[in-house]
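The chain contents come next:
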Amino acid sequence: MTMRPIRIIGDPVLRTPCEPVTSFDAELRALVTDLMDTLLGAPGRAGVAANQIGVSAQVFVYDADGHRGHLVNPTLELSEETQDDDEGCLSIPGLYFPTRRAMHATAHGFDQHGEPLTISGSGFLARALQHETDHLAGRLYVDTLRGDVRRRALREIRAGQFDSSRQRG
């Protein structure tokens, strides 16, 4: 089992869009294994994107609402219906803010062998798919916040008021 360290906000890899995967080979399968080990190696994690462990590849793993898997080179279809709930991130440990997301999401991409894969979900699974796909584009959930909530989040991040011992997904 290889649990990789999670990169924390301020690391440029989190703000850099990941490269599309072009080789569905043993190296990709090893990355998916490391991502899943990192996801499952601590309780309460919902997803880990490749750039969160320092790898610029469009790959993430998830474990949300009883669904567990991975997706390579994802694209999303989102509903117009939205949900508001607290969201957190392993890369901004201990901070949670109300974040608007689509209520339903369908993610299209590939599995680690290059076979087409589609994952559809609502609620928490839809939130996780959106959150992890954002990571691959170099975006963090705090980028979606608006108004007073955004100002409070940025203030707490600047002050370093996050607790790395309370990491969850």
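Here the structure is a predicted model, which means the values were calculated and not measured. (Residues numbered from 1 in each chain as written. Predicted model: local features only at pLDDT ≥ 70, side-chain atom pairs only at ≥ 80, totals over all residues. Heavy atoms only, no water.)

(A) Local environment of the UniProt feature "active site" (unreviewed entry) in the chain. Mapped onto this numbering, the UniProt entry gives "active site" (unreviewed entry) at Glu132. Residue placement: Glu132 occurs in helix H2 (residues 123-136). Here Glu132 is in contact with Gly47, Val48, Ala49, Gln52, Phe60 and Val61, once residues within four sequence places are set aside. Of the polar contacts made by the side chain of Glu132, one reaches the backbone nitrogen of Ala49; its length is 3.2 Å. (UniProt positions renumbered as here; feature names shortened; annotations may be inferred. Helix = DSSP H or I, 4+ residues; strand = E, 2+ residues; numbered from the N terminus. Contact = heavy atoms within 4.5 Å. Polar contact = N/O pair within 3.5 Å; in protein donor to acceptor, adjacent residues only side chain to side chain.)

(B) Here's a closer look at the UniProt feature "binding site: Fe cation" (unreviewed entry) in the chain. The residues that UniProt annotates with the feature "binding site: Fe cation" (unreviewed entry) are Cys89, His131 and His135. For this annotated set, covering 47 residues, all C-alpha atoms fall within 10.1 Å of each other, a compact arrangement in space. Relative to the assigned elements, Cys89 resides in strand S4 (residues 82-89). Checked against the element boundaries, His131 lands in helix H2. Its relative accessible area of 4% is what places His131 among the buried residues. With sequence-adjacent residues up to four places away left out, His131 is seen in contact with Glu87, Gly88, Cys89, Arg101 and Tyr141. (Buried < 20%, exposed > 50% of the residue type's maximum accessible area, 1.4 Å probe, protein only.)

(C) Quick look at the pattern of salt bridges. Counted under the stated rule, the structure contains 11 salt bridges. A salt bridge links Arg101 to Asp134; its shortest N-O distance comes to 2.8 Å. Placement of Arg101 in strand S5 (residues 92-102) and of Asp134 in helix H2 is noted, with a sequence separation of 33 residues between them. No difference in accessibility class separates Arg101 from Asp134, as the two residues are buried. The residue Arg151 makes a salt bridge to Asp148 at a minimum N-O spacing of 2.5 Å. With a gap of three residues between them, Arg151 and Asp148 both fall in helix H3 (residues 147-158), about one helical turn apart. (Salt bridge = Lys/Arg side-chain N within 4 Å of Asp/Glu carboxyl O.)

(D) A look at the sheet that holds strand S1 (residues 47-49). The strand order across the open sheet built from five strands is S1-S2-S3-S6-S7, with neighbouring strands paired in antiparallel fashion. Taken across any chain shown, the strands that pair with only one partner, and hence form the sheet edges, are S1 and strand S7 (116-122). In this sheet, neighbouring strand axes are inclined to one another by 40° on average, regardless of whether the strands run parallel or antiparallel. Two elements, strand S6 (residues 104-110) and S7, share seven bridges in a ladder whose sense is antiparallel. The residue bridging Gly109 from the neighbouring strand is Leu117, located in S7. On the sheet, helix H1 (residues 26-40) packs against S1, strand S2 (59-64) and strand S3 (67-78) and is oriented at approximately 35° with respect to S2. Sitting on the sheet, H2 touches S1, S2, S3, S6 and S7, and the angle it makes with S2 is about 160°. (Pairing = 2+ DSSP bridges. Axes fitted to C-alpha atoms, helices over the stretch in contact; angles between N-to-C directions.)

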